[in-house]
Amino acid sequence: MKIRVNPDKCQGHNRCYAVAPDLFEVDDVGNASAANGGVVPDDMKDDAKLAIDNCPEFAIEIVEE
Ligand code: F3S
């Protein structure tokens, strides 16, 4: 599974980082990007889905199932 954060949609709510800190990085202004080039380890898929469901801006996208 691979994810990305759409920078045009991210508003820096940081819920993604709160629920899955290993999968996201936050920049100086609080906007998130996917860690590890977006690659989600198999045992963290549920965390990724939780982050996707928790982003109020729908900014997190699945690039690859
Ligand atoms: Fe951005 Fe959504 Fe995370 S707005 S910081 S991707 S919770």
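About the criteria used
Residues numbered from 1 in each chain as written. Predicted model: local features only at pLDDT ≥ 70, side-chain atom pairs only at ≥ 80, totals over all residues. Heavy atoms only, no water. Near = heavy atom within 4 Å. 1 Å grid on protein atoms, 1.4 Å probe; cavity = no way out; pocket = protein on both sides within 12 Å on 5 of 7 lines; lining within 4 Å. Sits in = over half its atoms within 2 Å of the grid points. Nonpolar A, V, L, I, M, F, W, Y, C, P; charged D, E, K, R; others polar. Salt bridge = Lys/Arg side-chain N within 4 Å of Asp/Glu carboxyl O. Buried < 20%, exposed > 50% of the residue type's maximum accessible area, 1.4 Å probe, protein only.

### Considerations on the site of the ligand
- Within the structure, the ligand sits among Val 5, Cys 10, Gln 11, Gly 12, His 13, Asn 14, Arg 15, Cys 16, Ala 32, Cys 55, Glu 57 and Ile 60.
- Of the pockets mapped on this structure, the ligand occupies the largest cavity.
- Broken down by class, the residue content of the shell around the ligand amounts to 6 nonpolar, 4 polar and 2 charged.

### As for the pattern of salt bridges
- Within this structure, the stated rule accounts for 2 salt bridges.
- Residue Asp 42 is joined to Lys 45 by a salt bridge in which the shortest nitrogen-to-oxygen separation is 3.9 Å.
- A relative accessible area of 63% places Asp 42 in the exposed class.
- Residue Lys 45 is classed as partly exposed on the basis of its relative accessible area, which comes to 28%.

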